[in-house]
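Coordinates in review
Residues per chain are reported as follows:
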Amino acid sequence: MKRAHRIPPTRLTLLLAAAALAGCAFAPLGKPPAPTPRAGYAAEAPPDATVPADGIAQRFNAGAHPVPQWWQLYGSDTLDAWVEEGLRNNPSLDAVRHTLEAVHQAYRAQVGGSLLPSIDAGGQVSRQRAIGLPDIGPPTNLYNVYAGELSLSYTFDLFGAVRYGVRQAAAQVDLQAYELAAAQRTLAANIVIQAVNAAALAEALAINERLAQLAHEQADLTAKAYGTGAAAHDDVLTAQQGAAALDAALPPLRTQALRARHALAVLMGRPPDQAPDALPLAQLRLPADVPVSLPSDLLHQRPDVLAAEASVHAAAAQVGVATANLYPRISLSASFGSATFTAAALFTAPATVWGVGASLTQPIFHGRALLAQRKAAVANYDASIALYQQTVLNAFQNVADCLTALNQDALALQAAQIASAAARQSLSDTDARYRLGALSYPTSLASEQRWQNATLTEIQDTASRLIDTAALFQAMGTPPE
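Residues numbered from 1 in each chain as written. Predicted model: local features only at pLDDT ≥ 70, side-chain atom pairs only at ≥ 80, totals over all residues. Heavy atoms only, no water.

1. Regarding helix α4 (residues 161-227)
The end-to-end C-alpha separation of α4 is 94 Å, in line with the 99 Å expected for 67 residues at 1.5 Å each. Positive backbone phi, at 85°, marks Gly 229, one or two positions downstream of α4. (Helix = DSSP H or I, 4+ residues; strand = E, 2+ residues; numbered from the N terminus. Expected span 1.5 Å × (residues − 1).)

2. Some remarks on the environment of Ala 248
When you line up the elements, Ala 248 lands in helix α5 (residues 233-267). By relative accessible area, which is 52% here, Ala 248 ends up exposed. (Buried < 20%, exposed > 50% of the residue type's maximum accessible area, 1.4 Å probe, protein only.)

3. Re the packing of aromatic side chains
In this description, an aromatic ring pair is defined by two values, namely the gap between the centres and the angle between the planes. Evaluated as defined, the whole model comprises nine aromatic pairs. Residues Tyr 154 and Phe 156 carry aromatic rings whose centres are separated by 5.2 Å and whose planes lie at 85° to one another, so their mutual orientation is edge-to-face. Tyr 154 sits in the partly exposed class, given a relative accessible area of 24%. On the basis of relative accessibility, which here comes to 38%, the residue Phe 156 falls in the partly exposed class. Each residue in the set Trp 70, Trp 71, Tyr 74 and Phe 473 is aromatic and connected to the rest through ring pairs, giving one cluster. (Phe/Tyr/Trp six-rings, centres within 6.5 Å; stacked < 30°, edge-to-face > 60°.)

4. Observations regarding the packing of α4 against helix α9 (residues 441-475)
Each pair of packed helices can be described by the angle between their axes along with the distance between the axes. Contact geometry for α4 and α9: axes closest at 10 Å, N-to-C directions at 175°. Relative to α9, the element α4 is oriented roughly antiparallel. (Axes fitted to C-alpha atoms, helices over the stretch in contact; angles between N-to-C directions. Parallel < 35°, antiparallel > 145°, perpendicular 65-115°, else oblique.)

5. Examining a nonpolar patch on the surface
A surface patch of nonpolar side chains, amounting to about 660 Å² of accessible area, comprises Phe 156, Leu 158, Leu 332, Phe 336, Trp 354 and Val 356. At the level of elements, β5 (329-340) and β6 (352-361) are the ones that each hand at least two residues to the nonpolar patch. With respect to the helices and strands, the residue Leu 332 is situated in strand β5. Of the residues examined, Leu 332 reaches a relative accessible area of 30% and is grouped as partly exposed. (Patch = residues over 30% accessible without salt bridge, like charges linked within 9 Å, V, L, I, M, F, W, Y side chains within 5 Å. Areas by Shrake-Rupley, 256 points an atom, 1.4 Å probe, with all protein chains shown as cover. Salt bridge = Lys/Arg side-chain N within 4 Å of Asp/Glu carboxyl O.)

6. Points about the nonpolar core
Counting residues in hydrophobic clusters, the biggest one holds 66 residues, and the most contacted among them are Tyr 41, Trp 70, Leu 79, Trp 82, Val 192, Val 399 and Leu 472. Mapped onto this core, the elements with two or more residues apiece are α2 (77-89), α3 (91-114), α4, α5, β4 (289-292), α7 (303-324), α8 (369-435) and α9. With 14 residues, α4 is the single largest residue contributor to this core. Apart from residues no more than four positions distant in its own chain, Trp 70 is found in contact with Arg 185, Ala 188, Ala 189, Val 192, Ala 470 and Phe 473. (Core = buried A, V, L, I, M, F, W, Y, C linked by side-chain atoms within 4.5 Å. Contact = heavy atoms within 4.5 Å.)

7. Observations concerning the pattern of salt bridges
Within this structure, the stated rule accounts for eight salt bridges. Measuring nitrogen to oxygen at the nearest pair gives 3.5 Å for the salt bridge that ties Glu 209 to Arg 254. Highlighted residues: Glu 209 in helix α4 and Arg 254 in helix α5, separated in sequence by 45 residues. Given a relative accessible area of 37%, Arg 254 falls into the partly exposed group.

8. Re unusual backbone geometry
Phi angles above zero are rare outside glycine, and Asp 54 is one such case at about 55°. Topologically, Asp 54 is positioned in the loop between α1 (9-22) and β1 (59-62). Despite not being glycine, Arg 368 has its phi angle at roughly 60°, a positive value. Of note, Arg 368 is situated in the loop between β6 and α8.

9. Examining the sheet that holds strand β3 (residues 140-156)
Taken in spatial order, the four strands line up as β2-β3-β5-β6 in an open sheet, and their pairing is antiparallel. On the outer flanks of this sheet lie β2 (118-131) and β6, each paired with one strand and no other. Adjacent strand axes in the sheet meet at a mean angle of 20° when their direction is disregarded. Bridge analysis of β3 against β5 gives 11 bridges, and the strand direction is antiparallel. Within β5, the residue paired with Glu 149 across the bridge is Gly 337. (Pairing = 2+ DSSP bridges.)

10. As for the confidence of the model for the protein chain
Model confidence for the protein chain is summarised by a mean pLDDT of 88, while 94% of its residues fall at 70 or above. Confidence, read as mean pLDDT per element, is least for α1 in the protein chain (42) and greatest for α2 (97). (pLDDT = per-residue confidence, 0-100.)

11. Re α3
Look at α3: 34 Å from first C-alpha to last across 24 residues, which is about the 34 Å you get at 1.5 Å a residue. Looking only at α3, the buried set comprises Leu 93, Val 96, Leu 100 and Ser 114. Where α3 is buried, its residues meet α2 and α4. Measuring from the backbone nitrogen of Ser 92 back to the side-chain oxygen at the start of α3 gives 3.0 Å, which picks out Asn 90 as the cap. (Polar contact = N/O pair within 3.5 Å; in protein donor to acceptor, adjacent residues only side chain to side chain.)

12. Digging into the environment of Ala 265
Relative to the elements of secondary structure, Ala 265 occurs in helix α5. On the basis of relative accessibility, which here comes to 0%, the residue Ala 265 falls in the buried class. In the structure, Ala 265 is positioned 46 residues away from Ala 219 in sequence and 40 Å away in space, judged by C-alpha atoms. Dropping the residues within four chain positions of it, Ala 265 is found in contact with Arg 270, Pro 271, Pro 272, Ala 275 and Pro 276.

13. Observations regarding the side chain of Asn 90
The residue Asn 90 is located in the loop between α2 and α3 in this model. Polar side-chain contacts of Asn 90 include one of 3.0 Å to the backbone nitrogen of Ser 92. At 2.9 Å, the side chain of Asn 90 and the backbone nitrogen of Leu 93 are in polar contact. Excluding its chain neighbours within four sequence positions, the residues that come into contact with Asn 90 are Glu 85, Leu 187, Val 266, Leu 267 and Gly 269.

14. Digging into the packing of α2 against α3
Interhelical geometry of α2 versus α3 gives an angle of 45° and a closest axis separation of 6 Å. Considered as vectors, α2 and α3 are oriented oblique to each other. Within the contact between the two elements, α2 uses Gly 86, Leu 87, Arg 88 and Asn 89 and α3 uses Pro 91, Leu 93 and Arg 97. When grouped by side-chain class, the residues that make up the contact of α2 with α3 number three nonpolar, two polar and two charged. (Nonpolar A, V, L, I, M, F, W, Y, C, P; charged D, E, K, R; others polar.)

15. Things to note about the environment of Thr 140
Locating Thr 140 in the fold gives a position in strand β3. Here Thr 140 falls in the partly exposed class, since its relative accessible area comes to 28%. Taking the C-alpha atoms as reference, Thr 140 lies 108 Å from Ala 215; in sequence the two are 75 residues apart.

If you want it as structure tokens, here you go:
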């Protein structure tokens, strides 16, 4: 009969541990699933260029990289200065910078406190009174204690709990860095958008004030015509009602214009009472070329997508930490020092004390808490994957909406400019005929009202085109390094 080969206990333990490690994935790879390749963004593919409006047909440069300081393409030194001021002085952006520094220092603390041994020095000086032994010597003992010691401790990272913790901390640094990049891009876009909005509102307010003035002139002329029997009383009431309606629209419009300037000042890091004057809308040049990155490239350019990916990395590392906590921990400790009852004998050979020890901790029963923590980490990882996928979809939607808006903005502005040009020509013809005595003044006044209303629409469409261009530049993200 053959005798079975007996495996020594130590080797048996190692084999069992190796088998356990081979059958257990400590952490997912931490790489989010790649989105389905896409050729474009919008449900209806935009043209290569918009229709010409205001003398510019914007071209969509497919496959181009984002522009770093895209706001400079608007051709306004004042706008450039406002954006730079905001990037320097905005308190919210400054808070994100400090948060990044805090997360970075926390990562350094994680590395230094877990990957490297800990060494501490301690000292003690005390005077003590203790009860002596009965019937031997004095009833009490009074003595001094002097001690000094260096202690060292280190936990061996056999199953990766420390390494996964460091990896998680590093992912948090990446996440916060992407949050800072996103905050910077968003702030620049918001300053440009608010500047355009303030400019459009200032010009719209001026036009509405002129329309109110014209409406009052029309009401006065109608009242005079009623006095001569050339107009009905209802005509007078209608004209007065129209003038009053325009007067009522002015205060809310003034409020909007001031709010836009206040918001711009706060974005720049100024108090509202130091808000800058609105720029003339004509000083802002529309960029003729806008980049449209490929969908696959967009995922590596948008800070929000990269931040979501960093969240996946952090969640995967947390799964590794929770899994490693199920396995044994081995710690080493050592101390060396000197202890004596007299100060003169301190640090002499007879006073030397030392100690070396090792400990092994294997979780046995924690009320299934460790398993629950691992399941929670896995659930958080699955949630981070879902959030990443949603962030990607939101990014694609953002670009699709901007492309669609720019194409429609150009069509709207083209139509508004045709209408404005026609109204302007009509006003010119009416004025000429009025000066010749062929038309009455009320007819000329009505012609100017039509032109002012057409100009108001043109201003709104011009501002929309400038704002949506800024939104597209911001949607493209940060240029790759």
